[in-house]
Amino acid sequence: SPEGRLYQSSRSAEKMYKIDSHLACAVAGIMSDANILINTARLHAQRYALSYQEPIPVEQLVQSLCDTKQGYTQFGGLRPFGVSFLFAGWDKNHGFQLYMSDPSGNYGGWKAAAVGANSQAAQSMLKQDYKDGMTREEAVALALKVLSKTMDSTSLTADKLELAEVFVQPGTGEVQYQVCSPDAMGKLLAKAGLTQPAPEA
Amino acid sequence: MVGKNCFAIASDRRLGVQLQTVATDFQRVFKIHGKLYIGLSGLATDAQTLYQRLAFKHKLYQLREERDMKPETFASLVSALLYEKRFGPYFCQPIIAGLGEKDQPFICTMDCIGAKELAKDFVVSGTASESLYGACESMYKPDMEPEELFETISQALLSSVDRDCLSGWGGYVLIVTPTEVQERVLKGRMD
């Protein structure tokens, strides 16, 4: 979620990064540490693609990044990376996958997960409300509902949130990563009944 | 070859080892992004490896900048990559063709160590390059529409490769306009 109305970024999202065409991640923690790891992840994914001429399987990328994070907890006398990630991606072996990792380098595969501020509250909400076999629209609605209940701010507007999806494009069958535009976000929030009603003029 | 708000890039389809023909469907023109293509003539393995390395670099550029590379920038990238191997080069002559800012066509070629040559009309490379220069020079006119450009480039390609024993076995032509990309396979003298 954006920092506030004075914040201006040249990128499409503040806390979401595309690592490869089939892989994306969301970040929680120290952004400067995250930038280093994202760069490493992108290079690793491309080097794999160069050697094997196919996209890197999601778990392999997550594991390599977590191996790097773990190294900083055991060797060198350097401090660990203060970043937790949520990785979302698709590969031909296991389809769509979600992984969560923390600064220790520990990672796990999840059906639904949350990182960052108020993540325990979010995680317990997800535990209650997540059901298998949800459609893309249902998943988006659930994510917005959980965020609205766990975020500290009183009202939820499009400029306070970011939404990105990794999905199969219906026409071409390709996996795509797309960040939700502010207009589309406004419509989604209205449909979910989460926006404040406009004040009477 | 450059046309009116469009460009065409073409190649033959033969892969051979001196006198033996090994493949008749060899791909020499590669896509970098929707409006940028690179043709690589010369040693086949170097053409494939060079393309894979360039795709790697362009992918990282796209991820960081969140946009496609401009053709002029890409040409500089290719030139730098080739010069890095100045004393053990890739045996390839690239042809770069793309639509740049405001969909202006851009073409250029370079030698195997990265000497860029920009042109406004056409660029050629490969074993039949001398014939190609002659054919293009006589057949080219500026500001051709896509259909006429296709005819011109096809005729220039087929007539030139017919004079070269190492080129031929059909042709592959790609016409790129701001709105669409047309691919066509040509049937010439299959020898």
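Residues numbered from 1 in each chain as written. Chains lettered and ligands numbered in written order. Predicted model: local features only at pLDDT ≥ 70, side-chain atom pairs only at ≥ 80, totals over all residues. Heavy atoms only, no water.

1. Section: the overall build of chain A
Stated formally: Under the scheme used here, helices are H or I runs from DSSP no shorter than 4 residues and strands are E runs no shorter than 2 residues, and both carry numbers assigned from the N terminus. Taken over C-alpha atoms, the radius of gyration is set against a globule rule of 2.2 Å times the number of residues to the power 0.38. Any residue under 20% of the maximum accessible area for its type is buried, any over 50% is exposed, and the rest in between are partly exposed; the area is computed with a 1.4 Å probe on protein chains only.
When helices and strands are tallied, chain A shows five helices and seven strands. Overall, chain A shows an N-to-C arrangement of helices and strands of β-β-α-α-β-β-β-α-α-β-β-α. For chain A, the C-alpha radius of gyration of 18 Å lies close to 17 Å, the compact-globule estimate for 201 residues. Counting only C-alpha atoms, chain A reaches 60 × 45 × 35 Å along its principal axes. With 201 residues in all, chain A has 37% of them scored as buried.

2. Brief notes about a negative patch on the surface
Note the cut-off: A patch consists of residues whose relative accessible area exceeds 30% and which take part in no salt bridge; residues with like charges are grouped when within 9 Å of each other, and nonpolar side chains (Val, Leu, Ile, Met, Phe, Trp, Tyr) when within 5 Å. Methods summary: accessible areas were calculated by the Shrake-Rupley approach with a probe of 1.4 Å, and residue burial reflects only the protein chains presented. Salt bridges, as used here, are contacts in which a Lys or Arg side-chain nitrogen is within 4 Å of a carboxyl oxygen on Asp or Glu. Note that His is not counted, nor are the chain ends; the positive residues are Lys and Arg, and the negative ones are Asp and Glu. Where a charge sits is defined by one atom per residue type, namely NZ (Lys), CZ (Arg), CG (Asp) or CD (Glu).
A cluster of acidic residues, B:Asp143, B:Glu145, B:Glu147 and B:Glu180, forms a negative patch on the protein surface. Within the element layout of this structure, B:Glu147 appears in helix H4 (residues 146–162).

3. A closer look at the side chain of A:Asp33
All names here are of chain A. Going by this rule: Only heavy atoms enter the contact rule, under which two residues are in contact if any of them lie within 4.5 Å.
Tracing the chain through its elements places Asp33 in helix H1 (residues 31–52). Residue classification places Asp33 among the buried residues on the basis of a relative accessible area of 7%. Not counting residues within four places of it along the chain, the set of residues in contact with Asp33 comprises Arg79, Pro80, Phe81, Gly82 and Val83.

4. Re the interface of chain A and chain B
Selection criterion: Buried area is understood as the total, over both parts, of accessible area removed when two parts are fitted together, assessed with a 1.4 Å probe. We define a polar contact as two N or O atoms separated by no more than 3.5 Å, with the added condition that, inside protein, one atom must be a possible hydrogen donor and the other a possible acceptor, whereas residues neighbouring each other in sequence contribute only through side-chain atom pairs.
Taken together, the contact pairs 13 residues of chain A with nine residues of chain B. Across the chain A/chain B interface, buried area totals approximately 1100 Å², and carbon plus sulfur atoms make up 58% of it. It is A:Arg42, A:Gln46 and A:Leu50 in chain A that bury the most area against chain B; as a group they hold 49% of the surface buried on that side. At the junction of chain A with chain B, the criterion picks out two salt bridges. With a closest N to O distance of 3.7 Å, B:Glu66 and A:Arg11 form a salt bridge. Summed over the shared surface of chain A and chain B, the result is five residue pairs in polar contact (both at pLDDT 80 or more). Counting residues per element, the ones that place at least two in the side of chain A that touches chain B are strand S1 (16–20) and H1 of chain A.

5. Quick look at the nonpolar core
Residue and element names in this part refer to chain B. Test applied: To qualify as a nonpolar core, a set must consist of buried Ala, Val, Leu, Ile, Met, Phe, Trp, Tyr and Cys residues joined through side-chain atoms within 4.5 Å.
Counting 34 residues, the largest nonpolar core has Met1, Phe7, Ile9, Tyr37 and Leu174 as its most contacted members. Sorting the residues of this core by element identifies strand S1 (7–12), strand S6 (92–99), helix H3 (129–139), H4 and strand S9 (171–176) as the ones contributing at least two each. Counting residues per element, this core draws most heavily on H4, at seven residues. Ignoring anything within four residues of it in the chain, the contact list for Phe7 reads Met1, Lys35, Tyr37, Ala97, Gly98, Leu99, Pro105, Leu149, Leu174, Ile175 and Val176.

6. Points about the packing of aromatic side chains
Applied cut-off: Stacked, tilted and edge-to-face are the three classes applied to pairs of Phe, Tyr and Trp rings, where Trp contributes its six-membered ring and a pair requires centres within 6.5 Å; stacked means planes under 30 degrees apart, edge-to-face means over 60, and tilted covers the rest. Both a distance and an angle decide whether a charge sits over a ring: NZ of Lys or CZ of Arg must be within 6 Å of the ring centre and within 35 degrees of the ring normal.
Using the criterion set out here, one finds six aromatic pairs over all chains in the structure. Seen in terms of ring centroids, A:Phe85 and A:Phe87 are 5.1 Å apart; in terms of plane orientation they differ by 35 degrees. Their pairing is tilted. When sorted by exposure, A:Phe85 lands in the same class as A:Phe87, which is buried. Ring centres of A:Tyr99 and A:Tyr107 lie 6.0 Å apart, and the angle between their planes is 65 degrees; this geometry places the pair in the edge-to-face category. The ring of A:Phe167 carries the charged tip of A:Arg136 above its face, separated from the ring centre by 3.8 Å. Between the NZ or CZ atom of B:Arg184 and the centre of the ring of B:Phe150, over which it lies, the distance is 4.2 Å.

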